[in-house]
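Single-letter residue listing:
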Number of protein chains: 2
Amino acid sequence: MSVSSRERITLIGLGTIGMSMAGLHLSRDNTIVDVFDTRPNFEDYLFKTLPNFLPESSPSSEDASLESTQSTSVTSLISSGRLHIHKSLETACASATIVQEQGPESLAFKQEIWAQIESFAPSTAHFWTSTSGIAASAQQSTMQDKTRLLVVHPFNPPHIMPLLEIVPSPTTAPERVEFAQEYFSQAGSRHRPVVIRKEIPGFVGNRLAFALLREACYLVQEDVVTAKDLDTILMASLGPRWAGNGVFESYQQGGGEGGIEAFLHKLGGTMQEVWDGLGKVNVLGEKGTAWKSKVIAQTNEAYGEFSAGQMREKEERLRDFVHVQTKKYGHGEPEV
Amino acid sequence: MSVSSRERITLIGLGTIGMSMAGLHLSRDNTIVDVFDTRPNFEDYLFKTLPNFLPESSPSSEDASLESTQSTSVTSLISSGRLHIHKSLETACASATIVQEQGPESLAFKQEIWAQIESFAPSTAHFWTSTSGIAASAQQSTMQDKTRLLVVHPFNPPHIMPLLEIVPSPTTAPERVEFAQEYFSQAGSRHRPVVIRKEIPGFVGNRLAFALLREACYLVQEDVVTAKDLDTILMASLGPRWAGNGVFESYQQGGGEGGIEAFLHKLGGTMQEVWDGLGKVNVLGEKGTAWKSKVIAQTNEAYGEFSAGQMREKEERLRDFVHVQTKKYGHGEPEV
C-alpha cells in the first residue's frame, strides 16, 4: 500500500483547517484534490480563501491586481485538472485514493458522514479524520470495514506546522498507518508525522499543551503573574528551547554528564514540590472556574483582535522557526 | 536607584550558569565583573571555560591557535580592568554595585553566604540569587537588611536565553525590583526580565515546564508514545508555536473572532476530559515512579551524550530562534 505518484485526495469540510490542508496537498506536484463543503456560496468562498494557503502567494485584499492573480491561481489549478469542486459527496468521493474529513467536531456528524463516504468511495481508499478530539474507534462504529479509518490530527496551521499525529484505532490495519506516515514523509515534505500508539483523549500534543495551560490558568487566577507576562515567560524560555529540543532531550542536556537521570536526581525535590502543588482548575462546571473571567479579560486586553497584517506576520515568523529547525549548521555530528 | 553607566557585578560561584552569567554581563560595555569561586585551580578553569561564553568566540579545544586567542581575550579583559579574579569573598564583594550568587542549591549554604556577603559588600549593593528553587525570603533569614535580596532566575544558557524571572520576597524593596528590571532591559539587551508577583515553588517557567513534563512522563509510562516521538511532537508543534506566541495569545488567535473565550467554549469538552485524566506520576518516593527507568532508558538510547559539535549546533540554533523573535516583518501593525 505504498504512496503512488499521483494520489487523489478528497477533502470534506473546507473551514480554516480544511483550506490549509488543501494548501498542504496542493503544494505537492503529484496530487489531485477534490473538495466538498455544504456552506452556501462555497465556490466564491474557495476562490477568495484558498489563495491564502497556496505557496508563494502574498495576498492583500486591498490590492486588486493581486486579487486577480489569486483567482487566476485557483482557476489554473481547476483548468489543469488538479482541483475539482463538487456539489455532492458522492461525486467528490468517487475517484479518491484518500478521503480526509474536517467537518464539525460532533460524533453524530462523523459517524453519519463516514458511513456515507464508505458507500461512495473506492474500496481501496484511505480514510483520514482531522479531528482533535474524537477517536477513530468511535467515529467508525457505523462503518462496515473498521480497518480503514485513522486520525490524522494536524496542528494549526497545517500548511506550515510540521506535526501530524497519526492515531489508528485498535482495528485500523497497520498498512493504513504506514501509508499515512509515508505520504507525509515524502521527500521535500516539511511535515513530520508521528504515530500515537494508543487512542487517548487529546492525543499527545494537546495533552501536553493542556497540561501546561491548566497551570498557566491557575497562576493567573492566583495573581502570581499576568496572562501577558506568562506569555512573555513562555516565549523567552520554553518556546525557543522546545523548538530546538524536545523536553526529554533538553533535560538530557541539562543534566550534563549524567544526562536526564542526573537531572531528575538534582531537581527532583523542586520537581516533586511543584507536581504536588500544581493547580487543579476546571474549564466546565461551576467549581474551580473562577480563573476564566480573569484570563479572558487579561487576554483580550493584552491582544484584542488580530489584524490581517499581524496574522501574516505570525505566519511568516512560524515559517522562519520551522526553517531554522531544518537548517544545517555543519557540526552536528559527533567529532572524531 | 537607576542603573548607572558602570555597574560592578560580583559573581559568586562560576559553574555553568555562573560562567554564562559572566558572559552576559561582560557582553555589555559598561560593566566590571569580579569573580569568586572556591574550586581548586579556579583561575585555570576560568581561562579555559569563560571564552565559550564570550561574544564572537568560536572555541575549539583541538585548535591551539584559537585556544591562545581565547586566553588572550580573558587576559585582555583582565588587563583592561573589566574582569577581576578574587581569592576571597571579602575582596570580591568590596566594590560591588551588584552581587549575584550561583552557588549550590542548598538553603544552609545560601543563608550562610548571604550573611557573609552582607557584611562585606557596600550597603547600597543589590543582591541577586540565581536559584531555581529557594525563595529569597528563605535565603535572607540570617541577613540584617531584608529589603535587598531578590531572585534573578535565568534559563539555561543565560547568555543566550532571553528570560530572567525576577522574584522578590515580600520584604524586598520595590526599587530593588525596578533596578533589576531596568538592568536587564537596557537598550541593546536581548534579555526579557519578568517580575513574578508571589514567591511560589519553581517560580513560573519551571512550573509550566514541569506541568508538561509530568504528562510527558505519564504518556511514556503508558506506552502511548516513545520519549523520542514525544520530543518530535513537541518540536514539530508546540515549540515553534510558543516561540512565536505565548499560550494565551495562541488560543486568542485559535478562537478566531471570539478569541480565547470562543476557544474555551469550543474545546472545553476535550480540555476538561484531558484535565480530568492527566497523569499523576511522582519523581520522589516509591509510588508512581515506574516511569523513571523507562524514560531514562529511552532518553539515553535516543540521545546518548552530546558531542562538543552538537552542543555548539544547539547553541547556534537557539540564537537563531531568538533572532527570529526580534526580526521585523514590516506588517505587524494594525492596517488602517
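Just above, that's the structure.
A brief look at the structure comes next. (Residues numbered from 1 in each chain as written. Chains lettered and ligands numbered in written order. Predicted model: local features only at pLDDT ≥ 70, side-chain atom pairs only at ≥ 80, totals over all residues. Heavy atoms only, no water.)

## What about the pairing of strand E4 (residues 98–101) of chain B?
All names here are of chain B. The side-chain alternation of E4 yields two buried faces, one formed by Ile-98 and Gln-100 and the other by Val-99 and Glu-101. Pairing analysis gives 4 bridges linking strand E1 (residues 7–12) to E4, with the strands arranged parallel. Its bridge partner being in E4, Ile-12 is matched across the sheet by Glu-101. Across 4 bridges, E4 lies against strand E5 (residues 126–129) in parallel orientation. Across the sheet, the residue bridging to Ile-98 is His-126, located in E5. A crossover connection joins E4 to the parallel E5 through helix H5 (residues 107–120); in handedness this β-α-β unit is right-handed. (Buried < 20%, exposed > 50% of the residue type's maximum accessible area, 1.4 Å probe, protein only. Helix = DSSP H or I, 4+ residues; strand = E, 2+ residues; numbered from the N terminus. Pairing = 2+ DSSP bridges. Right-handed = clockwise from strand over helix to strand, strands pointing away.)

## Overview of the interface of chain A and chain B
Interface size is often expressed as the accessible area that is lost when the parts come together. In this assembly, 115 residues from chain A lie in contact with 115 residues from chain B. Both sides together, the interface formed by chain A and chain B hides about 11600 Å², and carbon and sulfur atoms give 68% of it. On the chain A side of the interface with chain B, the three residues burying the most area are Phe210(A), Phe248(A) and Trp275(A), jointly 7% of the side's total. Inspection of the chain A/chain B interface yields 6 salt bridges. Taking the shortest distance from any N to any O, the salt bridge between Glu249(B) and Lys314(A) comes out at 2.4 Å. Linking chain A with chain B are 46 residue pairs in polar contact (both at pLDDT 80 or more), by the criterion used here. Across the side of chain A that touches chain B, the residue classes tally to 59 nonpolar, 30 polar and 26 charged. (Contact = heavy atoms within 4.5 Å. Buried area = accessible area lost by both parts, 1.4 Å probe. Salt bridge = Lys/Arg side-chain N within 4 Å of Asp/Glu carboxyl O. Polar contact = N/O pair within 3.5 Å; in protein donor to acceptor, adjacent residues only side chain to side chain. Nonpolar A, V, L, I, M, F, W, Y, C, P; charged D, E, K, R; others polar.)

## A closer look at the sheet that holds strand E8 (residues 192–195) of chain B
Residues and elements named next belong to chain B. The strand order across the open sheet built from 8 strands is E3-E2-E1-E4-E5-E6-E7-E8, with neighbouring strands paired in mixed fashion. Either end of the sheet is taken by a strand with one partner, and the two such strands are strand E3 (83–85) and E8. For this sheet, the mean angle separating the axes of adjacent strands, direction not counted, is 25 degrees. (Axes fitted to C-alpha atoms, helices over the stretch in contact; angles between N-to-C directions.)

## Comments concerning the pairing of E8(B)
Residue and element names in this part refer to chain B. Alignment of strand E7 (residues 163–168) against E8, held across 4 bridges, turns out to be parallel. Paired with Leu-164 across the two strands is Pro-193, which belongs to E8. This β-α-β element, E7 to helix H7 (residues 174–185) to E8, shows right-handed connectivity.

## Comments concerning the packing of helix H8 (residues 205–221) of chain A against helix H11 (residues 247–254) of chain B
At a minimum axis separation of 10 Å, H8(A) and H11(B) run at an interaxial angle of 110 degrees. Between H8(A) and H11(B), the angle falls in the class roughly perpendicular. Residue-level inspection shows Ala209(A), Phe210(A), Leu212(A), Leu213(A), Ala216(A), Cys217(A) and Val220(A) of H8(A) in contact with H11(B), the latter providing Val247(B), Phe248(B) and Tyr251(B). (Parallel < 35°, antiparallel > 145°, perpendicular 65-115°, else oblique.)

## Comments concerning the relation of the copies chain A and chain B
The transform that puts chain A on chain B rotates by 180 degrees and translates by 0.0 Å along the axis, for an RMSD of 0.0 Å. The symmetry that links the two subunits is that of a two-fold axis. (Least-squares fit on C-alpha atoms with pLDDT ≥ 70 in both.)

Purely geometric stuff here, so don't read any function into it on its own.
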